[in-house]
Structure formats: structure tokens, C-alpha cells
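As a plain string of letters, each chain reads:
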Amino acid sequence: MENYRNKLKVHNVIMAISAVALITVQTLAFLRIIKPVEGDSHWHDYWNGMIAGMAFAFMGIMIFGIVKNLIAMKNSDKLKKQYIKEHDERTIQVVKNGQAAGASTFLLLLPAAIIISGYFNITVCITCLAVTFGLAISMGLGKLYYSKRL
């Protein structure tokens, strides 16, 4: 359990650094120091709000994780429950299968998005095409890696 406690300490440090970085991004977005290169003032405002909101949401997740880990590290029963929850084989398998199914479904739906978006906007069409190739390549490399590893 001491190894797991040390692992949680490292996770807390990483999440704290991430939370500080996200607070920085929020501040820069609210002050309009970072802004997109293209677009009018409406787009700049929308983009800054979106970036600030996403940074706030992810920062909240980081802080929640830190608090959860700190509570678990102070109570051995909660630490044990959290360890069991994180290392449950059934849960791990469900997550893996869900991720694989989601990625495969997305890969099958992207060609339809390419066709539809090509009718309306070239940039969106090429972006969808690049995402399709990126997802296909990363899934293929993942299969190769795990076929050698397992």
C-alpha cells in the first residue's frame, strides 16, 4: 500500500502543476492576451470564452482528483478501497472494450462526415480526412504494439 500511496503523491504533484497551468491559461484567455490569429472580434471572444471554460472544467477535475487522493492517503480504509477500484480487472476490461468500440465507431462514421462536410466546406472536409487517417494510424500502431507486447 505504501507504493500506491507514493504513486498518489506523484499524481497529486502532476495534477497540481496541471491545475496551475490551467489557471494561467484561464487568466490569459480572460485578459485576451492569447487570441486566435484569424477571425473577427466575435470569434475572438467566443474562442477566449471557450478556452477559459475548458481550462476551468479541467482545473476542476484536477482539484477534485487531488482532494480525492488526499482524503484516501489519510485514511487507510479509503486508500484500500480506491486501490481496489483502480485495479479491478472487470472495470479495466470494460474501459478497454468501451474505448475500442468508441474508436472503431468513430472511424466508421468519419467517412460519412468527410462526404457531407466536403459539400459545405473544404477546410472541414480536409480536417475530417486528416483526423480519419490519424485515428486509423494510431489504432493500427496500437494493435501492432499490443500484439508484440501481449
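Just so it is clear, the structure is predicted and the values come from calculations on it, not from any experiment.

Thresholds, definitions, all that
- Residues numbered from 1 in each chain as written.
- Predicted model: local features only at pLDDT ≥ 70, side-chain atom pairs only at ≥ 80, totals over all residues.
- Heavy atoms only, no water.
- Salt bridge = Lys/Arg side-chain N within 4 Å of Asp/Glu carboxyl O.
- Helix = DSSP H or I, 4+ residues; strand = E, 2+ residues; numbered from the N terminus.
- Buried < 20%, exposed > 50% of the residue type's maximum accessible area, 1.4 Å probe, protein only.
- 1 Å grid on protein atoms, 1.4 Å probe; cavity = no way out; pocket = protein on both sides within 12 Å on 5 of 7 lines; lining within 4 Å.
- Points joined across faces, edges and corners; volume = space filled by probe spheres on them.
- Nonpolar A, V, L, I, M, F, W, Y, C, P; charged D, E, K, R; others polar.
- Axes fitted to C-alpha atoms, helices over the stretch in contact; angles between N-to-C directions.
- Parallel < 35°, antiparallel > 145°, perpendicular 65-115°, else oblique.
- Contact = heavy atoms within 4.5 Å.
- Core = buried A, V, L, I, M, F, W, Y, C linked by side-chain atoms within 4.5 Å.
- Phe/Tyr/Trp six-rings, centres within 6.5 Å; stacked < 30°, edge-to-face > 60°.

*Asks:* Looking at this model, I keep getting lost on the pattern of salt bridges. Mind explaining?
*Replies:* Side-chain pairs of opposite charge can arise whenever the charged atoms involved come near each other. Applying the stated criterion to the full structure yields 2 salt bridges. Salt-bridge contacts for D45 lead to R32; the nearest nitrogen and oxygen are separated by 3.1 Å. Note that D45 is positioned in helix α2 (residues 41–74) and R32 in the loop between α1 (2–30) and α2, a separation of 13 residues in sequence. D45 sits in the partly exposed class, given a relative accessible area of 39%.

*Asks:* What is the right way to look at the layout of surface pockets in this model?
*Replies:* Take a probe with the size of a water molecule and roll it over the atoms, and the empty space left behind shows itself. Here the largest pocket is characterised by a volume of approximately 460 Å³. Secondary-structure elements contributing two or more residues to the lining of the largest pocket are α4 (89–120) and α5 (122–149). Element by element, the count of residues in the lining of the largest pocket is highest for α5, at 6 residues. Residue composition of the lining of the largest pocket, by class: 5 nonpolar, 4 polar and 3 charged.

*Asks:* How should I be thinking about the packing of α2 against helix α3 (residues 76–86) in this particular structure?
*Replies:* Between two packed helices, the angle of one axis relative to the other and the distance separating the axes together describe the packing. It is at 5 Å that the axes of α2 and α3 come closest, and there the two elements cross at 125 degrees. When the axis of α2 is compared with that of α3, the two are oblique. Residues K68, N69, I71, A72, M73 and K74 of α2 touch α3, and the partners they reach there are S76, K78, L79 and Q82. Class assignment for the residues of the contact of α2 with α3 results in 4 nonpolar, 3 polar and 3 charged.

*Asks:* Even after reading the chapter, I still don't get the nonpolar core, so can you show me in this structure?
*Replies:* It is characteristic of soluble globular proteins that their nonpolar side chains tend to be buried jointly. The biggest cluster of nonpolar side chains holds 5 residues, and these are Y4, L8, A72, M73 and L79. Going through the elements one at a time, α1 and α2 are the ones with two or more residues in this core. In this view, L8 contacts N69, M73, L79 and Q82; residues no more than four positions away in its chain are not counted.

*Asks:* Just checking my understanding: could you explain the packing of aromatic side chains for this structure?
*Replies:* The description of two aromatic rings rests on the distance between their centres and on the angle between their planes. For the structure shown, the criterion picks out 4 aromatic pairs. Both rings, one in Y4 and one in Y83, keep their centres 5.0 Å apart while their planes meet at 80 degrees; by these two values the pair is edge-to-face. Taken together, the residues Y4 in helix α1 and Y83 in helix α3 connect sequence positions 79 residues apart.

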